[in-house]
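Here is what each chain is made of, one letter per residue.
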Amino acid sequence: QVQLVESGGGLVQPGGSLRLSCAASGSIFSINAMGWYRQAPGKQRELVAAITSVGSTNYADSVKGRFTISRDNAKNTVYLQMNSLKPEDTAVYYCNLEIATMGRISFYWGQGTQVTVSS
């Protein structure tokens, strides 16, 4: 059994910053890729940023230079530092982790955290 708990969302003014966290717990052997997705009202869920087990990162063009994804393997946690936030960043943000448990690899989603950028 694996649980993911997200935190860090909220309301912020344009130009502000937020840091999202996603912590995994349970019967975890290892965590491979980690990613953050977001879904705005009326839009499809999209990949925001991803990080591999060796630290290689990938970002959506819309967030390059503003967002930074990182991971703490000792804590089974992935972070998303979001700077210079814009109203168009408003969405529910979800973490997605590729987790190896006993005998299988599966993808797990967090519960989602709301980020609202507004003055």
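Structure: see above.
Please read all numbers here as calculations on a predicted model, not as lab measurements. (Residues numbered from 1 in each chain as written. Predicted model: local features only at pLDDT ≥ 70, side-chain atom pairs only at ≥ 80, totals over all residues. Heavy atoms only, no water.)

A. Here's a closer look at the overall build of the chain. A tally of regular secondary structure across the chain gives zero helices and 11 strands. Going from N to C terminus, the chain has its helices and strands arranged as β-β-β-β-β-β-β-β-β-β-β. For a compact globule of 119 residues, the expected C-alpha radius of gyration is about 14 Å, and the chain comes in at 14 Å, within 12% of that figure. Residue burial in the chain is summarised as follows: out of 119 residues, 41% are buried. Counted over contacts in the chain with a minimum sequence separation of 6, partners at least 24 positions apart contribute 54%. Accessible surface, the chain: about 6,400 Å² in total, of which carbon and sulfur atoms supply 49%. Of the charged side chains in the chain, 10 are positive and 7 negative, and the gap between their average positions amounts to 2 Å. (Helix = DSSP H or I, 4+ residues; strand = E, 2+ residues; numbered from the N terminus. Rg over C-alpha atoms; globule rule 2.2 N^0.38 Å. Buried < 20%, exposed > 50% of the residue type's maximum accessible area, 1.4 Å probe, protein only. Contact = heavy atoms within 4.5 Å. Areas by Shrake-Rupley, 256 points an atom, 1.4 Å probe, with all protein chains shown as cover. Lys, Arg positive; Asp, Glu negative; His and termini not counted. Charge placed at Lys NZ, Arg CZ, Asp CG, Glu CD.)

B. Broad picture of the state of the cysteines. This structure, assessed with the given rule, holds one disulfide. Residue C22 pairs covalently with C95 via a disulfide, S to S 2.1 Å. Measuring handedness by torsion sign, the sulfur bridge of C22 and C95 sits at about 55° and is right-handed. Within this pair, whereas C22 is found in strand β3 (residues 18-26), its partner C95 is found in strand β9 (residues 91-101), the two being separated by 73 residues in sequence. Note on accessibility: C22 and C95 belong to one class, buried. (Disulfide = S-S within 2.5 Å.)

C. Seen up close, the pattern of salt bridges. Counted under the stated rule, the structure contains four salt bridges. In this structure, R66 engages D89 in a salt bridge whose closest nitrogen and oxygen atoms are separated by 2.7 Å. One end of the pair, R66, is in the loop between β6 (57-59) and β7 (67-72); the other, D89, is in the loop between β8 (77-82) and β9, with 23 residues separating them in the sequence. Looking at R66, the relative accessible area reads 10%, which means it is buried. Among the ionic contacts, a cluster of salt bridges with common partners joins R38, E46, R66 and D89. (Salt bridge = Lys/Arg side-chain N within 4 Å of Asp/Glu carboxyl O.)

D. Geometry of the sheet that holds β7. Strand order across the open sheet formed by four strands is β1-β3-β8-β7, with antiparallel pairing between neighbours. Edge positions in the sheet fall to β1 (2-7) and β7, since each of these pairs with one other strand and no more. When strand polarity is set aside, the average angle formed by the axes of neighbouring strands in this sheet is 15°. Sheet topology note: the β1/β3 ladder contains six bridges and is antiparallel. Paired with E6 across the two strands is C22, which belongs to β3. (Pairing = 2+ DSSP bridges. Axes fitted to C-alpha atoms, helices over the stretch in contact; angles between N-to-C directions.)

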